[in-house]
Amino acid sequence: MFQVVNHGVPSSLLDEVVSEATRLFALPAPVKNRALRTPEGATGYGVARISPFFAQLMWHEGFTIMGSPASHARLLWPDDYQHFCGVMEKYQEKVKALAHNLFQLLLNYISLSSPAAAAAVEFDGALQLNSYPPCPSPSQTIGLAPHTDTLFLTILHQSSPGLQLFDPAGLRWSAVDHVPGALTVNVGDLLHVLSNGKFRTARHRVVVMSDTNQRVSMACFYGPPVESVVTPVVSPDDGAPAVYRSVGVKEFLNLKALHLDEALDFIRLNN
Ligand code: OGA
Ligand code: NI
């Protein structure tokens, strides 16, 4: 996990997505429920996708966008949904350009800069808006339970602190500095696999910090098209054998839906 500044996403646009997300989550519950994510659906309003794995509810609500949010936004603001859509689409366009640049740079580190690799940088993505309302007793709840993100890269903007990163060596959580204007980038499971474990998937969680302020965040997730197969790149320099078998993106999404953070164990090879 690392942070980027001078990333090319204008700060005015960051402010606008924060303000549009705040406007969305401020709507009355019955209005938000008009845009509820369906059990089979991927987009819309709802609880965190990882919720079924945890006994306790999270102090969180979310709204997932893939491409244009118009179909759901229209249900929220029948007469005035275009502004919201325009901001969200612009944000996805800008962050996607950044994701491409970062991904190309990261590929260089795993000796994968061939034209085939460049072709693989066909990203499918989603934009997840998160809201953590003020909580009367923040220490007694969790914002978003510990998890890793599934795809290649996540690019996150947080309006205020709350994100924590797990250090698997020290077995402890540490707060991710809140650097105003910076974007936080983290490696997901499929880049972990592609890099044969060189770039480790980042386990993270969100704690609720405030009894007075709402926190919002926007996470853009990028991964390969769902029809593709991810194969570990075995670097000729270090001679380390593949740690994972090749896995179809769709297969991995299914493993993750069933086993959450144990999904990687199912594709690890017994060397
Ligand atoms: C996520 C996530 C962090 C945050 O949406 O997967 O980890 O700060 N969000 O809201
Ligand atoms: Ni996450």
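Residues numbered from 1 in each chain as written. Chains lettered and ligands numbered in written order. Predicted model: local features only at pLDDT ≥ 70, side-chain atom pairs only at ≥ 80, totals over all residues. Heavy atoms only, no water.

Per an unreviewed UniProt entry, the recorded name for the chain is feruloyl-CoA 6-hydroxylase, and the organism is Cuscuta campestris. Quoted verbatim from the Sequence similarities (unreviewed entry) field of the UniProt record, the comment on the chain reads "Belongs to the iron/ascorbate-dependent oxidoreductase family." (UniProt positions renumbered as here; feature names shortened; annotations may be inferred.)

**Q** Explain the packing of helix H1 (residues 11-25) against helix H4 (residues 82-109) to me, please; I cannot follow it from the model alone.
**A** In a packed pair of helices, the relevant descriptors are the angle between the two axes and the axis-to-axis distance. Two elements in contact, H1 and H4, have axes separated by 10 Å at closest approach and are oriented at 135°. The angle between the axes of H1 and H4 places the two elements in the oblique class. Crossing of H1 against H4: the hand is left-handed. In this structure, H1 uses Leu13, Leu14, Glu16, Val17, Glu20, Ala21, Arg23 and Leu24 to contact H4, whose residues at the interface are His83, Phe84, Val87, Met88, Lys90, Tyr91 and Lys94. (Axes fitted to C-alpha atoms, helices over the stretch in contact; angles between N-to-C directions. Helix = DSSP H or I, 4+ residues; strand = E, 2+ residues; numbered from the N terminus. Parallel < 35°, antiparallel > 145°, perpendicular 65-115°, else oblique. Left-handed = near helix turned anticlockwise from the far one by under 90°. Contact = heavy atoms within 4.5 Å.)

**Q** Explanation requested: the sheet that holds strand E5 (residues 144-147) in the structure shown.
**A** Strands belonging to one sheet form pairs held by backbone hydrogen bonds; the direction of such a pair is parallel or antiparallel. Ordered by their spatial adjacency, four strands build an open sheet running E5-E10-E7-E8, and the pairing between neighbours is antiparallel. The sheet is open, and its two edges are formed by E5 and strand E8 (172-175), each paired on a single side. Adjacent strand axes in the sheet meet at a mean angle of 25°, parallel and antiparallel pairs treated alike. (Pairing = 2+ DSSP bridges.)

**Q** Would you take a moment to explain the site of ligand 1 for this structure?
**A** The local shell around ligand 1 holds 14 residues, among which Tyr132, His147, His204, Arg215 and Ser217 are the closest. Here an oxygen atom of ligand 1 sits 3.1 Å away from a polar atom, N or O, in the side chain of asparagine 130. Note that an oxygen atom of ligand 1 is positioned 3.3 Å from one of the side-chain N or O atoms of aspartate 149. Mapped by element, the contributors of at least two residues to the shell around ligand 1 are strand E4 (124-132), E5, strand E10 (204-206) and strand E11 (215-223). Per element, the largest residue contribution to the shell around ligand 1 is four residues, and it comes from E11. Along the lines of polarity and charge, the residues of the shell around ligand 1 split into seven nonpolar, five polar and two charged. (Near = heavy atom within 4 Å. Polar contact = N/O pair within 3.5 Å; in protein donor to acceptor, adjacent residues only side chain to side chain. Nonpolar A, V, L, I, M, F, W, Y, C, P; charged D, E, K, R; others polar.)

**Q** Any chance you could explain the UniProt feature "domain: Fe2OG dioxygenase" (unreviewed entry) in the chain here in plain terms?
**A** The positions UniProt marks with the feature "domain: Fe2OG dioxygenase" (unreviewed entry) are residues 122-224. For residues 122-224, the end-to-end C-alpha separation is 6 Å, with 6% helix and 44% strand making up the annotated structure.

**Q** Any chance you could explain H1 here in plain terms?
**A** Within an α-helix, residues lying three or four positions from one another point in the same direction, as the helix has 3.6 residues per turn. End to end, H1 covers 21 Å across 15 residues, agreeing with the expected 21 Å (1.5 Å per residue, within 8%). Among all positions in H1, only Leu13, Leu14, Val17, Val18, Glu20, Ala21, Leu24 and Phe25 are buried. The buried side chains of H1 occupy one side of the element, clustering within an arc of 165° when seen end-on. Turned more than 90 degrees away from the buried face of H1, the exposed residues are Ser11 and Asp15. (Expected span 1.5 Å × (residues − 1). Buried < 20%, exposed > 50% of the residue type's maximum accessible area, 1.4 Å probe, protein only. Arc of directions from axis to C-beta.)

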